[in-house]
Amino acid sequence: MSWGMKMSKVINDMASAREATTEYGPDVDYAELDDETILVSIVCISFNHEKYIRAAIDSFLNQDADFTYEIVLHDDCSRDDTRKIITEYKTRYPELITTVFEKRNTYNQGKSPLVIGISYARGKYIAVCDGDDFWISTNKLQKQVNYMESNPECTFLFSNGLFLDSETNKTGKRILPMNRRERNILNHADKLSVSDMAQIEFPPTASFVFRKRDFDRRPRYSKDVYSGDRYYQLVMTSFGYAHYFSEPMIAYRVNNSSSMMSKWRSNKRQMALTLRRHAALYEEIDKLTNYQYADILRALRDSRIYNALWLEGRQNEMRSRRFVEAAKELGLINLIKYIIKSYVIR
């Protein structure tokens, strides 16, 4: 092939790539803000959240902050009126809201809507919230950003929250702590390590804040490794330390049939696969932290594996010294659950 033909092919390939991006990439409408003025980007991902998205967006707009923030609303090709509602808010607040509308559902293609949403964020800090949750503190951003600005070595923030029943719309008990171990960690440590974070079962996603630069330098793993909330908690913390606000700042919906967690729990095969991806994540985090927290991370890895085996109906394979030691490392309750699943329940 001549040089001229090669150049022609390259140009045609580039043109085809641009056309593909236009055809299949999202429609993006940026907030009317100067990039240099934005300190925080609130990134909200949504899919079929027409019942809840207004509460989420209103809670962002109601933040009492002395800095400029933008709101990035990513919709993953919802089949209900979520996009219509988001467009309504974009029309009312064009200076604050960036919309990212997918033409095809990205989650079903194995992509992360959150990663896509953050790629359009322009702030120094990223604050995360799913479209079916919302913030209950009007000072949430101000308090969290103040801490980050004063403590540059802190790389991950989260807060307590309240459970909210999607059917009754009533708030319930606090999310954290869920057990005695979590209470001891959260009450006695101002600076939380990867080991501490790994032992906290459910830091509320809607309370997360971290720096965009840390997100951009995160390690990329294969699809066999879990890349959701747990990944961000542990990876971001590994760059410095995590800090916890005991004040409930967010509301997390339960009894929500459209949530990803509800779908996983109703599908044993999918849940087992997710547990194995969690196990792979703990192994990668063990390497990332130079095996500094090997005992707890390996125990958590093995606990996910034996729970996956249980869901797969492979109890005989659970009866291993390795899994007994993992259950013991995680405490008496976990050991009891392990014994029941391995030897009692059929």
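Residues numbered from 1 in each chain as written. Predicted model: local features only at pLDDT ≥ 70, side-chain atom pairs only at ≥ 80, totals over all residues. Heavy atoms only, no water.

Colleague: Please provide a residue-by-residue account of the overall build of the chain, values included.
Modeller: Of regular secondary structure, the chain possesses 14 helices and 10 strands. Per-residue burial over the chain gives 51% buried out of 346 residues. When contacts within the chain are restricted to residue pairs at least 6 apart in sequence, those whose partners lie at least 24 apart make up 77%. As displayed, the chain has an accessible area near 17,300 Å², and 50% of this comes from carbon and sulfur atoms. (Helix = DSSP H or I, 4+ residues; strand = E, 2+ residues; numbered from the N terminus. Buried < 20%, exposed > 50% of the residue type's maximum accessible area, 1.4 Å probe, protein only. Contact = heavy atoms within 4.5 Å. Areas by Shrake-Rupley, 256 points an atom, 1.4 Å probe, with all protein chains shown as cover.)

Colleague: I'd love a proper account of the packing of aromatic side chains, names of residues and values included.
Modeller: Counting across every chain of the model gives 15 aromatic pairs. Each member of the aromatic cluster is reached from another via a ring pair, and the members are Phe210, Phe215, Tyr221, Tyr231 and Tyr232. Here Arg218 stacks its cationic end above the ring of Phe215, 3.9 Å away from the centre of that ring. (Phe/Tyr/Trp six-rings, centres within 6.5 Å; stacked < 30°, edge-to-face > 60°. Lys NZ or Arg CZ within 6 Å of the ring centre and 35° of its normal.)

Colleague: Please set out helix α13 (residues 321-329) residue by residue, giving values where relevant.
Modeller: What α13 keeps buried is the set Phe323, Val324, Ala326 and Ala327. Projected down its long axis, α13 carries its buried residues within an arc of 160 degrees, all on one side. Buried residues along α13 sit against α12 (294-311) and α14 (332-344). Just past α13, the residue Gly331 takes up positive phi, approximately 110 degrees. (Arc of directions from axis to C-beta.)

Colleague: Lay out the packing of helix α11 (residues 268-288) against α12 with the relevant residues and their values.
Modeller: Put simply, α11 and α12 touch, their axes get as near as 8 Å, and they point 165 degrees apart. On the basis of the axis angle, α11 is roughly antiparallel to α12. α12 is crossed by α11, and the crossing has left-handed handedness. Taken together, the residues of α12 that come into contact with α11 (itself represented by Lys268, Met271, Ala272, Leu275, Arg276, His278, Ala279, Tyr282, Glu283, Ile285 and Asp286) are Ala294, Leu297, Arg298, Leu300, Arg301, Arg304, Ile305, Asn307, Ala308, Leu309 and Leu311. The residue makeup of the contact of α11 with α12, split by class, is 13 nonpolar, 2 polar and 7 charged. (Axes fitted to C-alpha atoms, helices over the stretch in contact; angles between N-to-C directions. Parallel < 35°, antiparallel > 145°, perpendicular 65-115°, else oblique. Left-handed = near helix turned anticlockwise from the far one by under 90°. Nonpolar A, V, L, I, M, F, W, Y, C, P; charged D, E, K, R; others polar.)

Colleague: So, the nonpolar core: which residues are in play, and what are the values?
Modeller: With 90 residues, the main nonpolar core has Val40, Phe60, Trp135, Phe158, Leu192 and Phe210 as its most contacted residues. Non-local contacts of Phe60, meaning those with residues more than four positions away in its chain, are made with Ile42, Cys44, Tyr69, Ile71, Leu73, Cys129 and Trp135. (Core = buried A, V, L, I, M, F, W, Y, C linked by side-chain atoms within 4.5 Å.)

Colleague: Now, about a nonpolar patch on the surface: what can you tell me, with residues and values included?
Modeller: A grouping of Leu332, Ile336, Ile339, Ile340, Tyr343 and Val344 is seen on the molecular surface, where their side chains present a nonpolar patch of about 560 Å² in accessible area. With relative accessibility at 40%, the residue Ile336 sits in the partly exposed group. (Patch = residues over 30% accessible without salt bridge, like charges linked within 9 Å, V, L, I, M, F, W, Y side chains within 5 Å. Salt bridge = Lys/Arg side-chain N within 4 Å of Asp/Glu carboxyl O.)

Colleague: Break down the pattern of salt bridges for me, citing the residues and quoting the values.
Modeller: What the rule picks out here adds up to 23 salt bridges. Lys143 is paired through a salt bridge with Glu247; the nearest N and O atoms lie 2.8 Å apart. Within this pair, whereas Lys143 is found in helix α5 (residues 140-150), its partner Glu247 is found in strand β10 (residues 241-254), the two being separated by 104 residues in sequence. By relative accessible area, Lys143 is classed as partly exposed at 33%. Residues Glu153 and Lys191 are paired through a salt bridge, measuring 3.8 Å at the closest nitrogen-oxygen approach. One end of the pair, Glu153, is in the loop between α5 and β7 (154-165); the other, Lys191, is in the loop between α6 (180-188) and α7 (194-198), and 38 residues separate them in sequence. On the basis of relative accessibility, which here comes to 38%, the residue Glu153 falls in the partly exposed class. Within this structure, Arg276, Glu312, Arg314 and Glu317 form a network of salt bridges that share partners.

Colleague: Any chance you could break down the packing of helix α9 (residues 229-238) against α11 for me, citing the residues and the numbers?
Modeller: α11 packs onto α9 with a crossing angle of 5 degrees between their chain directions and a minimal axis gap of 11 Å. Classified by the angle between their axes, α9 and α11 sit roughly parallel to one another. Taking contact as the criterion, the partners of Arg230, Tyr231, Leu234, Val235 and Ser238 in α9 are, on α11, His278, Leu281, Tyr282, Ile285 and Leu288. Grouping the amino acids of the contact of α9 with α11 by side-chain chemistry returns 7 nonpolar, 2 polar and 1 charged.

Colleague: Just give me the short version of the layout of surface pockets, but keep the residues and values in it.
Modeller: For the second largest pocket, the calculated volume is near 150 Å³. As for the second largest pocket, its lining consists of Tyr24, Gly25, Pro26, Glu102, Arg104, Thr106, Gln109, Lys111, Ile116 and Tyr120. Along the lines of polarity and charge, the residues of the lining of the second largest pocket split into 4 nonpolar, 3 polar and 3 charged. (1 Å grid on protein atoms, 1.4 Å probe; cavity = no way out; pocket = protein on both sides within 12 Å on 5 of 7 lines; lining within 4 Å. Points joined across faces, edges and corners; volume = space filled by probe spheres on them.)

Colleague: So what about the side chain of His278? Which residues, and what values?
Modeller: Tracing the chain through its elements places His278 in helix α11. When neighbours within four sequence positions are excluded, His278 is seen to be in contact with Tyr226, Arg230 and Arg304.

Colleague: Report on the state of the cysteines, specifying residues and quantitative values.
Modeller: Tallied over the entire structure, the rule returns 0 disulfides. In this model Cys44 remains outside any disulfide bridge; the closest cysteine sulfur is found in Cys129, 5.5 Å from its own. Relative accessible area serves as the criterion here: at 1%, Cys44 is assigned to the buried category. (Disulfide = S-S within 2.5 Å.)

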